[in-house]
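A look at the structure
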Protein chains: 2
Amino acid sequence: MRASERAYRSLRQDIIDGHLPPGAVLGEVEQSERLGLSRTPLREAIGRLVAEGLAEPSTGRGVVVTKVSLAEAGLLFDLRTVLEGLAARRAAEHADAALFGDLADRFEAATEPLRGGADPTEYYALTEELDAAVDDACANPYLAQHLRGLRVHLTRLRRFSRKDPARLAASATEHAAIAHALAARNPELAAATTTMHLQHALAHLQSHQETAGTAPTDPRSGTRPGHETQHDHDTVTT
Amino acid sequence: MRASERAYRSLRQDIIDGHLPPGAVLGEVEQSERLGLSRTPLREAIGRLVAEGLAEPSTGRGVVVTKVSLAEAGLLFDLRTVLEGLAARRAAEHADAALFGDLADRFEAATEPLRGGADPTEYYALTEELDAAVDDACANPYLAQHLRGLRVHLTRLRRFSRKDPARLAASATEHAAIAHALAARNPELAAATTTMHLQHALAHLQSHQETAGTAPTDPRSGTRPGHETQHDHDTVTT
DNA sequence: TCGGCGATCTGTGTATACACTGGTGCCGTG
DNA sequence: CACGGCACCAGTGTATACACAGATCGCCGA
């Protein structure tokens with residue numbers, strides 16, 4: 001694999017799961033040494049992160065990791081609702097019934113284990129599969145591209161969501177409903193189930209605003225003070 | 001200005017106005033020599049173009065300019081409708097009445113000159129001003145970012161639209177209506193006038209599918225055959 | 001003591017040299 | 001004559017060296 005690709009994926013993952021918290025400076029020398037490559041591919045990786053909105057140039061401090069918190073959740077979900085709504089509509093028009101029927105079954109099968117406290121990792125992978133299938137079925141590469149660009153930020157929000165088995169199980173049921181609607185090739189139903197799911201997801205996210213779980217990096221100050229380097233890997237994992 | 005920024009703007013403009021037509025290969029050596037800089041900043045520029053969707057890696061041929069044509073217009077407007085609709089709604093909720101009132105006046109003032117065949121360049125600048133004001137007023141940086149990313153592609157479509165004074169005048173009137181709705185801080189009206197405008201714009205664009213004006217680069221073959229370099233500047237200008 | 005100013009210095013921006021991959025064309029062989 | 005393999009080569013990917021700008025810190029003067 002190309003070095004720039006490795007750097008990109010590594011930094012991207014570190015940002016998403018918080019090892020590189022909002023405000024952390026992405027020094028070229030520091031990061032290139034850490035990842036064991038030269039500045040050239042690293043700069044390319046940083047450029048991609050900036051284009052994605054995961055990092056941004058900050059005058060005087062170089063490129064820093066962008067802030068994301070529950071405060072942005074409303075804005076992100078506002079955008080997400082129209083994009084996923086449109087995608088669901090269009091996907092329902094072209095959907096492969098068998099494909100989405102299968103996904104619906106798998107979501108239903110996942111519900112009970114989640115309610116019992118199962119590891120949601122596998123479930124997240126399943127939702128990614130559904131997302132990818134919708135991206136494909138909506139037959140609109142531009143829409144799919146924008147959705148992919150948005151989902152990165154949504155994934156970052158996961159860190160702020162308490163892992164509530166009841167909510168995860170409900171979420172799986174909602175996903176099953178979406179998949180069923182797509183399998184039935186019913187655009188209106190697909191859009192409605194999607195909107196419903198997003199409303200619930202946002203409500204759940206915001207309901208935990210105060211009781212957020214495992215210390216998501218300094219909720220008090222947006223910009224962190226100094227120039228302390230950020231080598232340490234948090235033990236906090238999604 | 002940074003060399004990479006110059007390269008980016010130059011290439012971007014060349015792609016938008018067709019000097020670099022779809023399928024044209026963006027060779028690093030060739031372009032860096034043409035623009036008088038080294039490959040390093042040029043690579044950065046190309047990276048940004050790829051992220052924007054104006055270019056894409058093509059196996060074996062390097063990076064090439066992406067295709068855009070009336071065939072994609074429907075997909076682009078599908079996406080545009082939901083994004084601009086949401087932006088109009090949200091902008092109407094926060095709008096500065098004086099700002100949008102002024103824009104509305106200026107659109108109205110532009111209508112008659114356009115009907116008389118005036119140069120639309122100034123009018124395009126005015127629409128960009130409205131777009132920027134909406135981006136700002138919608139108070140959602142994520143939405144604004146996605147809109148900006150989409151507009152690049154829409155601008156490319158201009159080359160396919162015949163410059164019809166009647167349509168331009170009507171378009172100006174529609175923009176005035178949008179601005180008025182925003183000044184009135186009426187979300188529903190703002191969304192409706194926006195949707196109306198987009199429907200008309202798309203209809204006009206597609207009505208000229210066969211009689212498109214000034215030869216927009218090879219409508220017959222998506223991928224162009226050879227390795228002919230693309231130094232010559234078209235005299236065709238938007 | 002505080003404010004302004006200049007030197008230093010860290011870190012980015014650019015150029016260039018090198019490595020390597022993938023494609024192309026030629027040659028040999030069946 | 002066609003097909004497979006090999007060598008060459010163009011062009012990208014990466015490393016490194018250099019130039020330069022902005023920030024920081026210390027010093028000087030008021």
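Higher on the page you've got the structure.
These numbers were taken from a predicted model, which means no experiment stands behind them.

Attention now moves to the overall build of chain A. Looking only at helices and strands, one finds nine helices and two strands in chain A. Helices (α) and strands (β) of chain A occur, in sequence order from the N terminus, as α-α-α-β-β-α-α-α-α-α-α. Looking at the 238 residues of chain A, the share that counts as buried comes to 50%. Relative to all contacts within chain A whose residues are 6 or more apart in sequence, the contacts with residues 24 or more apart total 76%. In the form shown here, chain A has an accessible surface area of approximately 11200 Å², with 54% of it arising from carbon and sulfur atoms.

This paragraph deals with helix α6 (residues 121–137) of chain B. All names here are of chain B. Between its first and last C-alpha, α6 extends 24 Å over 17 residues, near the 24 Å set by a 1.5 Å rise per residue. Among the residues making up α6, those that are buried are Y123, Y124, L126, T127, L130, D131, A133, V134, D135 and A137. Looking at the buried positions of α6, the neighbouring elements they touch are α4 (70–94), α5 (97–115), α7 (141–157) and α8 (165–183). Among the residues trailing α6, A139 stands out with phi positive, at a value near 60°.

Residue and element names in this part refer to chain B. The topology assignment puts H204 in helix α9 (residues 187–207). Taking the C-alpha atoms as reference points, H204 and R162, separated by 42 residues in sequence, lie 8.9 Å from one another. Those residues in contact with H204 that lie beyond four places of it in its chain are S161, R162, D164 and R167.

Quick look at the nonpolar core now. For soluble globular proteins, nonpolar side chains are generally found buried alongside one another. By size, the foremost hydrophobic cluster in this structure holds 96 residues, and its most contacted members are A:F100 and B:F100. In this view, A:F100 contacts A:A95, A:L130, A:A133, A:V134, A:A137, A:A179, A:L182 and A:A183; residues no more than four positions away in its chain are not counted.

A word on the protein's contact with DNA strand D. Neighbouring residues of DNA strand D: 14 residues in total, closest A:A3, A:S38, A:T40, B:R39 and B:R43. For DNA strand D, the backbone portion of the atoms within 4 Å of the protein, that is sugar and phosphate, comes to 56%. Contact between DNA strand D and A:T40: a base nitrogen at 2.8 Å from a side-chain N or O atom of the residue. Listing elements by their share of the surface near DNA strand D, those giving two or more residues are α1 (3–16) and α3 (39–52) of chain A together with α2 (28–35) and α3 (39–52) of chain B.

This paragraph deals with the packing of α1(A) against helix α2 (residues 28–35) of chain A. The relative placement of two packed helices comes down to the angle between their axes together with the axis-to-axis distance. All names here are of chain A. Between α1 and α2, the shortest axis-to-axis distance is 11 Å and the interhelical angle comes to 105°. With respect to their mutual orientation, α1 and α2 come out roughly perpendicular. Contacts from R6, A7, S10, L11 and D14 in α1 reach Q31, R34 and L35 in α2. Per-class residue counts for the contact of α1 with α2 are three nonpolar, two polar and three charged.

Another point: the pattern of salt bridges. Residue and element names in this part refer to chain A. Taken as a whole and judged by the stated rule, the model has 38 salt bridges over all chains. A salt bridge links R12 to E52, with the nearest nitrogen and oxygen atoms 3.1 Å apart. Residue R12 is found in helix α1, and its partner E52 is found in helix α3; the two are separated by 40 residues along the sequence. Given a relative accessible area of 16%, E52 falls into the buried group.

The next thing to look at is the protein's contact with DNA strand C. A:R39, A:R43, B:A3, B:S38 and B:T40 are the nearest of the 13 residues found near DNA strand C. Among the atoms of DNA strand C close to the protein, meaning within 4 Å, 55% are from sugar or phosphate groups. A:R43 places a side-chain nitrogen or oxygen 2.7 Å from a phosphate oxygen of DNA strand C. B:A3 places a main-chain nitrogen or oxygen 2.2 Å from a phosphate oxygen of DNA strand C. If you list the elements that add at least two residues to the surface near DNA strand C, you get α2 and α3 of chain A together with α1 (3–16) and α3 of chain B. The greatest single-element share of the surface near DNA strand C, amounting to three residues, is contributed by α3(B).

Phi angles above zero are rare outside glycine, and A:A139 is one such case at about 60°. Note that A:A139 resides in the loop between α6 (121–137) and α7 (141–157). By relative accessible area, A:A139 is classed as partly exposed at 39%. Even without being a glycine, B:R185 presents a positive backbone phi close to 55°. You can see B:R185 is positioned in the loop between α8 and α9.

Right, let's talk about the packing of aromatic side chains for a bit. Tallied over the full model, the rule gives four aromatic pairs over all chains. A centroid spacing of 6.1 Å and a plane angle of 80° characterise the contact between A:F107 and A:Y123, whose relative ring orientation is edge-to-face. Taken as a pair, A:F107 in helix α5 (residues 97–115) and A:Y123 in helix α6 lie far apart in primary sequence, 16 residues in all. A:Y123 carries the same exposure label as A:F107, and that label is buried. Taking 6.0 Å as the distance between ring centres and 40° as the angle between the ring planes, the aromatic pair formed by B:Y123 and B:Y124 counts as tilted. Each member of the pair, B:Y123 as well as B:Y124, carries the same accessibility label: buried. Among the aromatic residues, those joined into a ring-pair cluster are A:F107, A:Y123 and A:Y124. Sitting above the plane of the A:F77 ring, A:R80 keeps its charged end 5.2 Å from the centroid. We note B:R48 situated over the ring of B:Y8; from NZ or CZ to the ring centre the distance is 3.7 Å.

Calculation criteria
Within every chain, residues take consecutive numbers counted from 1 along the sequence as written. In the order they appear in the text, chains get letters beginning with A and ligands get numbers beginning with 1. For a predicted model such as this one, the threshold for reporting local features is a pLDDT of at least 70, and the threshold for listing and counting side-chain atom pairs is 80 or more; totals across whole chains, interfaces and linings nevertheless cover every residue. Water and hydrogen atoms play no part in the side-chain values, which are based on all heavy atoms of the structure. The secondary structure listing takes helices from DSSP runs of H or I that are at least 4 residues long and strands from runs of E that are at least 2 residues long, numbered from the N terminus. Burial here depends on accessible area, computed with a 1.4 Å probe over protein chains only, as a share of the maximum for the residue type. Under 20% is buried, over 50% is exposed, and the range in between is partly exposed. Two residues qualify as a contact provided that any one of their heavy atoms is within 4.5 Å of a heavy atom in the partner residue. The Shrake-Rupley method, run with a 1.4 Å probe, gives the accessible areas here. Residue values count only the displayed protein chains as cover. By this rule, a helix spans an expected 1.5 Å times one less than how many residues it contains. By convention a nonpolar core is built from buried Ala, Val, Leu, Ile, Met, Phe, Trp, Tyr and Cys residues, the set being connected through side-chain atoms within 4.5 Å. If even one non-hydrogen atom of a residue comes within 4 Å of a molecule or strand, that residue is called near it. Definition of a polar contact: a pair of N or O atoms within 3.5 Å, with one able to donate and the other able to accept a hydrogen when the atoms are protein atoms, and with sequence-neighbouring residues admitted only if both atoms are side-chain atoms. Axis lines are fitted to C-alpha atoms, over the contacting stretch for helices. Their N-to-C directions set the angle, which ranges from 0 to 180 degrees. Put simply, angles under 35 degrees are roughly parallel, angles over 145 are roughly antiparallel, angles from 65 to 115 are roughly perpendicular, and the rest are oblique. Residue classes follow a fixed rule: Ala, Val, Leu, Ile, Met, Phe, Trp, Tyr, Cys and Pro count as nonpolar, while Asp, Glu, Lys and Arg count as charged, and any other residue, Gly among them, counts as polar. Basic side-chain nitrogens of Lys or Arg form a salt bridge, by our definition, when they fall within 4 Å of a carboxyl oxygen of Asp or Glu. Under the pairing criterion, centres of Phe, Tyr and Trp rings, with the six-membered ring standing for Trp, must be within 6.5 Å; the plane angle then separates stacked pairs below 30 degrees from edge-to-face pairs above 60, leaving the rest tilted. Here, a charge over a ring is recorded when the distance from Lys NZ or Arg CZ to the ring centre is within 6 Å and its angle to the ring normal is within 35 degrees.

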